[in-house]
Amino acid sequence: GADGSTIGDSGLAVEGSTDSAVFGDSGSSSGGDAGTDSGKTSGPTLGGCPLFGPQFAYNQDISQAPLDTASATYLAALKASAPVIGLDYPGGEAYNVVPASQPAVPVQTTSWYGFDSSNTFFYMMDAGAATAPIPTGVQFENMGTPNADHHMMVLQQGTCQLFELYAWNPTGPTTGWSALVQWDLAANSQQIPDSLEIGSTTAAGTPLLPGVIWPDEVAAGAIEHAVDIVMPAAAIAKCAYVHPASDGAWTATGTFPYGGRLRLKASYDLSKVTGTQALVVLKALQKYGMFNTDISGETRSSFRLGGLGSSQGWVQADISQLGSLTWDDFDVVDLGAVQHMKGCM
């Protein structure tokens, strides 16, 4: 992938007593939701589980949401600092589906935190006791490739718990990880507390699973949630973020904050798109938009494309038409309250 998660790309479904800090309020996603479809009663699903509830930020219809007052300014800065939008073909992320009976195994990780299965609190646990239901034969990004980002996602059916892991160079499927984060997929809203100023398996502190363009969703004809866009440091605001992000970028030099949401203009001429796969994504970008959630080591911005290898159903000449998008095709949706990190200068 092209991202640079700080603690922190996949459509392959594979069957198969500690000290803690507890935060009683699991939080809510308030930024950038103005004008959204609050009456929505259902949301997208993956692996037999909801992809979070209908009120989750990614699942909000923002096609009619007001623009941010600084939309034109943000877009001018993006055009100047990161003019190219693209994607990595054929993709590299994978989510693994396991049954509720999948046993948890010890995981060697530097940090371990997330939302408990009842979604009543956010926890940070002793990483020495970390466990997750990782199956034999688990698939993850950049398996066997050193000096690269590695993301792992395990979706447990029945419990509908999502376990996400990140490391630059893990030593194995259960060893050498930097972060293990648990999310409750049945929850309507899960916001990492602002007071912690931490990321997740994305630098912005958002779950990775809903931000990926998955081949199974595209093949079904609709993506019913927002997707992620990964931006270079020159485009991202330093030390600032908006919900649903929970952390800022210390090394960035641009203006657009993590968690910022962009929407493809309703006036975008879809008739000029010849690819059916790209068309599905473009329609989702008009209805749900995209979030800035990670920093790239490149000079371009890029989408996260799912699928390991070329056998996941992608047609390169089709899906690669997303690379014809420019910042002139987008608007910035009202960002809500901008959070500024303490001690970050």
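Residues numbered from 1 in each chain as written. Predicted model: local features only at pLDDT ≥ 70, side-chain atom pairs only at ≥ 80, totals over all residues. Heavy atoms only, no water.

Peer 1: Got a minute to help me understand the sheet that holds strand 18 (residues 301–303) in this structure?
Peer 2: Within a sheet, neighbouring strands are paired by backbone hydrogen bonds and run either parallel or antiparallel to one another. Pairing in this open sheet of six strands is mixed, and the strands run 4-18-13-17-16-19 from one edge to the other. Strand pairing shows two members of the sheet lacking a second neighbour, strand 4 (85–87) and strand 19 (330–332), which therefore form its edges. The sheet shows a mean angle of 40° between the axes of neighbouring strands, taken without regard to direction. Sheet topology places strand 16 (residues 261–264) next to strand 17 (residues 290–296); two bridges connect them, and they run antiparallel. Pairing of R261 across the sheet is with F291, part of strand 17. Helix 1 (residues 71–81) contacts strand 13 (227–232), strand 16 and strand 19 of the sheet and is inclined by roughly 125° relative to strand 19. Packed on one face of the sheet, helix 3 (residues 276–287) meets strand 13, strand 16, strand 17, strand 18 and strand 19 and runs near 120° to strand 16. (Pairing = 2+ DSSP bridges. Helix = DSSP H or I, 4+ residues; strand = E, 2+ residues; numbered from the N terminus. Axes fitted to C-alpha atoms, helices over the stretch in contact; angles between N-to-C directions. Contact = heavy atoms within 4.5 Å.)

Peer 1: In this structure, what is going on with the confidence of the model for the chain? I would like to understand it.
Peer 2: Close inspection of predicted coordinates is inappropriate in any region flagged by low pLDDT. Summary statistics for the chain give a mean pLDDT of 88 and a share of 87% for residues scoring 70 or more. Throughout residues 1–20 the model reports pLDDT below 50, and contacts reaching past four residues in sequence, or to other chains, amount to 98 contacts. Taken as a whole, residues 23–39 scores under 50 in pLDDT and shows 51 contacts with residues more than four places along the chain or in a different chain. (pLDDT = per-residue confidence, 0-100.)

Peer 1: So what exactly am I meant to see when it comes to the pairing of strand 11 (residues 161–167) here?
Peer 2: Every other side chain in a regular strand lies on the same face of the sheet, so the side chains alternate between the two faces. Taking burial as the measure, the seven residues of strand 11 include seven buried ones, the bulk of the element. Residues Q161, F163, L165 and A167 line one face of strand 11 and the alternating positions L162, E164 and Y166 line the opposite face, and both faces are buried. Where strand 10 (residues 150–156) and strand 11 come together, seven bridges link them in antiparallel fashion. Each residue of the ladder has a partner; that of V154, found in strand 11, is F163. Hairpin connection, strand 10 to strand 11: the antiparallel pair is bridged by four residues, and G158 has positive phi, about 85°. Here strand 11 runs beside strand 12 (residues 177–184); their pairing, made up of six bridges, is antiparallel. In the strand pairing of strand 12, L162 is matched with W183. (Buried < 20%, exposed > 50% of the residue type's maximum accessible area, 1.4 Å probe, protein only.)

Peer 1: Is there a simple way to think about unusual backbone geometry in this case?
Peer 2: Glycine aside, a negative phi is what most residues show, and trans is what most peptide bonds show. Backbone torsion omega between Y89 and P90 reads 10°, so that peptide bond is classified as cis. Locating P90 in the fold gives a position in the loop between strand 4 and strand 5 (95–98). With a phi close to 55°, N142 is a non-glycine residue in the positive phi region. Its place among the elements puts N142 in the loop between strand 9 (131–132) and strand 10. Although it is not a glycine, E197 sits at a positive phi angle of roughly 50°. Within the secondary structure, E197 is located in the loop between strand 12 and helix 2 (215–220). Classification of E197 as buried rests on a relative accessible area of 18%.

Peer 1: Whenever I open this one, the side chain of D149 confuses me. Can you help?
Peer 2: In this fold, D149 is placed in the loop between strand 9 and strand 10. Buried charge D149 goes without a salt bridge, the closest partner of opposite sign being R304 at 6.7 Å. (Lys, Arg positive; Asp, Glu negative; His and termini not counted. Salt bridge = Lys/Arg side-chain N within 4 Å of Asp/Glu carboxyl O.)

Peer 1: What is the right way to look at the nonpolar core in this model?
Peer 2: The nonpolar side chains of soluble globular proteins are, as a tendency, buried together. If you look at the biggest cluster of nonpolar residues, it comprises 48 residues, and the most contacted ones within it are I213, L262, L285, F303, L322, L325 and F330. For this core, the element with the highest residue contribution is helix 3, accounting for six residues. When near neighbours in sequence (up to four residues on either side) are disregarded, L322 contacts I85, L87, I213, A278, V281, L282 and F303. In terms of nonpolar packing, the next biggest core, distinct from the first, is built from 29 residues, F56, L162, V181 and Y288 among them. (Core = buried A, V, L, I, M, F, W, Y, C linked by side-chain atoms within 4.5 Å.)

Peer 1: What is the right way to look at the pairing of strand 10 in this model?
Peer 2: Of all seven residues that make up strand 10, seven are buried, and the element is covered over most of its length. Bridge analysis of strand 5 against strand 10 gives four bridges, and the strand direction is parallel. Within strand 10, the position partnered with Y95 by the bridge is M153.

Peer 1: How should the environment of V242 be read in this particular structure?
Peer 2: Within the fold, V242 resides in the loop between strand 14 (236–241) and strand 15 (256–258). In this structure the C-alpha to C-alpha distance between V242 and A337, which are 95 residues apart in sequence, comes to 6.3 Å. Dropping the residues within four chain positions of it, V242 is found in contact with P257, Y258, G259, G260, L335, A337 and V338.

Peer 1: Explanation requested: the pattern of salt bridges in the structure shown.
Peer 2: For side chains bearing opposite charge, pairing can occur when the charged atoms are close. Evaluation of the coordinates by the stated rule reveals seven salt bridges. In this structure, D328 engages K79 in a salt bridge whose closest nitrogen and oxygen atoms are separated by 2.9 Å. In this pair, D328 sits in the loop between helix 4 (316–319) and strand 19 while K79 sits in helix 1, placing the two residues 249 residues apart along the sequence. On the basis of relative accessible area, K79 is assigned to the partly exposed category, the value being 41%. Close ionic contact of D88 with R300 constitutes a salt bridge, the shortest N to O distance being 2.4 Å.

Peer 1: Please clarify how the state of the cysteines should be interpreted in this entry.
Peer 2: Simply put, disulfide is the name for a covalent bond between the sulfur atoms of two cysteines. As enumerated under the stated definition, the model contains two disulfides in all. Disulfide pairing places C49 opposite C160 at an S-S distance of 2.1 Å. With the S-S bond torsion at -90°, the cross-link from C49 to C160 turns out left-handed. With C49 in strand 3 (residues 49–50) and C160 in the loop between strand 10 and strand 11, this residue pair connects regions lying 111 residues apart in the sequence. Side by side, C49 and C160 carry an identical accessibility label, which is buried. (Disulfide = S-S within 2.5 Å.)

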